[in-house]
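# Per-entry structural report
Each chain is listed here by its residues.
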Amino acid sequence: MHFSRKIGVLLLVGVSLSATAQFRSRNLRWSADGNATIQAAKGGITRTDVRTGQETTLVTAAQLTPANGKGPINVADFAFSQDSSQVLIFTNTARVWRYNTRGDYYVLTRPMGRQTGQLKQIGAKQPAQSLLYAKLSPDGKRVGYVSKSNLFSEEIATGKVTQLTSDGTRQRINGTFDWAYEEEFGCRDGFRWSPDSKQLAYWQVDASKIRDFLMINNTDSIYSYTIPVEYPKVGESPSPTRLGLVNATGGKTRWLPLPGDPAQHYLVRAEWFPTTGPSGNELIVQQLNRKQNESILFVCDAAKNTVKPIFTETDNAWIDIKARWDRDDPTGWEWVDGGKSFLWVSEKDGWRHIYKFSRDGKQQTLLTPGNYDMAELERIDERGGGSASGFVYFTASPDNATQRYLYRVPLAGGKAERLSPAELIGTHSYDVSPNGQLAFHSFSSHRTPPTRAFVTLADHKPLRPGTNPRPSAESGRNVRFFTVNTADNVTLDGWMALPTDFDSTKKYPIVFYVYGEPAGTTTNDVFGAGENNMYTEGMAKSGYIYAALDNRGTPTLKGAAWRKSIYRQIGRLNIRDQAMGAKALFSRHSYIDTSRVAVWGWSGGGSSTLNLLFQYPDIYKTGIAVAAVANQLTYDNIYQERYMGLPQENRDDFVAGSPITHAKNLRGNLLYIHGTGDDNVHYANAEMLVNELVKYNKQFQFMAYPNRSHGIYEGAGTRQHLNALYTNFLKKNCPPGGR
C-alpha cells in the first residue's frame, strides 16, 4: 500500500518501434502504429499484436545476458532509439523517496543480419545503482544520465564519458530534483536532450540553504544515528532553481536568463520545441511564483540565450500544473501541428478546460467549452482516423463527479463526443493507441469488479471474448451512493455501506473514512468503495455503517470555485463541511446511532480526523489518525503555501487550522499512529501533539512504528500489527452491531 500526504491509498516503441528514447511513466507501451504493445517478457522484450495476440520477440534473453553472466539482466524499464537499432535497459533498481528511480543501465545494440548484438553497461565506472533517468540522445549516439547529483554524457560506440557538471552534492542537485519538487510537483527527471542531440537542458536545484530535517534511527545499531533530509518547511524560501544549457561534448553551462528571484519561484516544466524556431533550437518553460498563483510561459532561444514571455495566467488562489491531469507525470509537452501549436490546460474561465495555443501564445482556442471539468488528458491523435483535424481524447464526468468517462473533441474545435458506453455506469480509464482506433480500457464501479480489455473505440467492443464488465451479485450490494445538503447549503457527494444483516428498526454505529484536503477524494464510484482494508473482520459483517463524504476543496470535478474555496481554510472549511454532512445524515437516517460515531483517516485524512475529533466532540466520539499533520507549520513549503498562503502574511490561518490548536477539546477516544522514519509528514508532528494532549491531561492511545515511512509498511509483521491495532481499538471504543 502506497500513501502520500495527498492521496490516501489508492499508476513508443517500434521500426517503427519508438518515437522517443525516454522511459514512460505508464506501464502500457504502444507500438508506433498503434496495433501492438511492447513489454518485457520471457527474459527479453516482446511485441504483442493487440488484435490477434500473436507475439514477436524483439529482444531475446540471450541478448540481455552479460558476458560471463549467469542469466539475463532483469528489465525494469526500457526505451528504444528512434531508429530502433538500440535499446536502453534499466535494471537493478533502488528506491529514492517513493519510487525506484535509481539503478544500473545497459545499452543493447540490436543485431543486424547475422550479428548477435552487443550489450554494454552505461556508467560502468560509477557506483552500482547510482544512475538516474538515463536517456538515449535522439540520434542514438549517446546516453545522458545523472549520478551523484552530476550530469554525464556517454558515447555508446566508444564508451567515452564526459562529465557535464562537477559541482553536484547532496544539496546542489543537477539533472534531478529535491524532495519537495518530487513530492509536490511530480518532478523527478531533470534534464532534456535537444532535438539535434547537441545540447542538454537541465535543472539545477540549490538546496544548500535549506535546513535538514533530522530523522533518528534508534534500532539499527547500538548507538543511534541521524538521517538528514533537506526539507523546506512552510515559510522557508524555496531552493533556488535554474535551467542551464550545456553541450553534449562538455563545456561551460549557459544559464537561461529567466527573470525574477530564483528563490521566490518554481520552474515546473521545460521542454524543447520539436522543430526549430527562427534562429534554431528553442525551449518552452513554465515558471510559477512562490505563491503558485501566477504562471508564466517563456520561449527561450538557445542560440541567443534570450527568454520571452508568451502567456501569463493569474488566480486568486492557486494554479494547478500538468501533474494534476496527466497521472502525476509533468514531463513532455502536448505539441500539435508539427510543433507550431500546443495544447494547454487552464481553469481561467472557472472550469478545467483544454485550449489550443499557437507557438507564440497569441492565438488561443478553447476546445472543451461548457460548464464541466476535464479530468485527464489521454491522447492526442492528429491523424484522427481520417478526420481533417484529428482529436484530443480526455476523461470527464459532467453529470456525476464520482465517475469518469472517455470523451474526444476535434482539434479544430467542436462538440465533445462521449465514447464510453452509456450502460457502463462507473469509473473508466483508458490508454488510447497512437492511431486513436484502439484503447486499453479499465472499468469498475462499486458493483462491478475491475475489468481490463483492449477495445475498438469506434464501437467500444472488446477484442477478445469474455472481458465484458459484469456486475457482481455480492460485491457492493450494500453500498449506497448519495448526495446530502448541509446546513450551509453545500451539496456533498457520499457513499454509505450498510451492515450485512441490516435491520432498519435497529441503530448501528457509523465510521467515517475521511481525507478532506485538496489532493485526494474518497467518494469515487469504484470497486472497493465501502470496504475498509484496515479492519480485519469486515465492517459490514461486524455490523458497522461505513461512510465517506467529499467536502469543498477536494479535487473533484465540480469547477474551480469548489476546489479553491478551501484556500487559506484547510482545517476549518473542510472540517465544517464534514461535520455538517454528518449531521445531515443523522437527521435523514434514524438507524444511525449517534452515540457511536467514529472517524479515521491517513495523512491529510489523519489531520482531518484530529480536527473533527477536537472541533466537533459532540459529533465524533472515536478517532483513529495515522501519519497526520498535527501542526501545519511543520509541512513543506510547496504544498502548504499553495493552499494556505505564506505564514509571514496570514499565520493565523495556519494556527486556526492545525489540530494542536484544538487538542484541548478532546473528549472522545483517540488512537494516534505515526512512523518515526516518515520523511513526508515528520514524526515531530506526533510529539508536538502528544505534548499538547499531555498538557491538558487528555488520555489517548499512541503507537509509534520505528523507522517506518509515511506508508507504515516496512518491516516484518508491520501491516498485520497495524491492522490488528486499528481493529481492536475500533471494536473496543465504538462497538459494532445493531441495538
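Residues numbered from 1 in each chain as written. Predicted model: local features only at pLDDT ≥ 70, side-chain atom pairs only at ≥ 80, totals over all residues. Heavy atoms only, no water.

### Regarding the UniProt feature "domain: Peptidase S9 prolyl oligopeptidase catalytic" (unreviewed entry) in the protein chain
Worth spelling out the cut-off: UniProt positions are given in the numbering used here, feature names are shortened, and annotations may be inferred rather than shown by experiment. For the purposes of this entry, the term helix denotes a DSSP run of H or I that reaches at least four residues, the term strand denotes a run of E that reaches at least two, and both are numbered from the N terminus.
Using the residue numbers shown here, the UniProt feature "domain: Peptidase S9 prolyl oligopeptidase catalytic" (unreviewed entry) corresponds to residues 539–733. Between the first and last C-alpha atoms of residues 539–733 the distance is 15 Å; the span itself is 45% helix and 17% strand.

### A few points about the environment of Q287
Applied cut-off: Relative accessibility thresholds used throughout: buried, under 20% of the residue-type maximum; exposed, over 50%; partly exposed, between the two (1.4 Å probe, protein chains only). Whether two residues touch is decided by their heavy atoms; if any such pair falls within 4.5 Å, the residues are in contact. Identification of polar contacts relies on pairs of N or O atoms within 3.5 Å, with a donor-acceptor requirement for protein atoms, meaning one able to donate a hydrogen and the other able to accept it, and with residues adjacent in sequence counted only if both atoms are side-chain atoms.
For Q287, the position within the fold is in strand β20 (residues 282–289). According to the relative accessible area criterion, Q287 is buried, its value standing at 7%. Spatially, the C-alpha atoms of Q287 and C187 are 13 Å apart, while their sequence positions differ by 100 residues. In this structure Q287 touches L258, P259, H265, Y266, L267, E294, S295, I296 and F298, once residues within four positions along its chain are discounted. Here the side chain of Q287 touches P259 through a polar contact of 3.2 Å, landing on its backbone oxygen. Looking at Q287, its side chain comes within polar contact range of the side chain of H265, at 3.2 Å.

### Thoughts on the sheet that holds strand β27 (residues 374–381)
Inclusion rule: Two strands make a pair as long as DSSP finds a minimum of two bridges between them.
If you trace the four strands from one edge of the open sheet to the other, you get β27-β28-β29-β30, paired in antiparallel fashion. Looking at strand neighbours, the two that pair on one side only are β27 and β30 (417–418), the edges of this open sheet. Relative to β30, strand β29 (residues 405–410) is paired through two bridges, and the arrangement is antiparallel. Across the sheet, the residue bridging to Y407 is R418, located in β30.

### Re the nonpolar core
What counts here: Working definition of a nonpolar core: buried Ala, Val, Leu, Ile, Met, Phe, Trp, Tyr and Cys residues. They are joined through side-chain atoms within 4.5 Å.
One finds F185, L243 and L258 to be the most contacted residues of the largest nonpolar core, which totals 49 residues. The leading source of residues in this core is strand β19 (residues 265–272), at five residues. When sequence neighbours within four positions are dropped, the list of residues in contact with F185 reads A180, Y266, V268, L288, Q292, I321, A323, P330, I638 and R642. Of all hydrophobic cores here, the second largest spans 44 residues; its members include V490, L549, L585 and L689.

### Let's talk about the side chain of T523
In this structure, T523 sits in the loop between β37 (508–513) and α2 (539–542). T523 sits in the buried class, given a relative accessible area of 3%. Within the structure, T523 has its side chain in polar contact with the side chain of D550 (distance 2.6 Å). Setting aside its immediate chain neighbours within four residues, T523 contacts T402, F481, D493, G494, W495, A548, L549 and D550.

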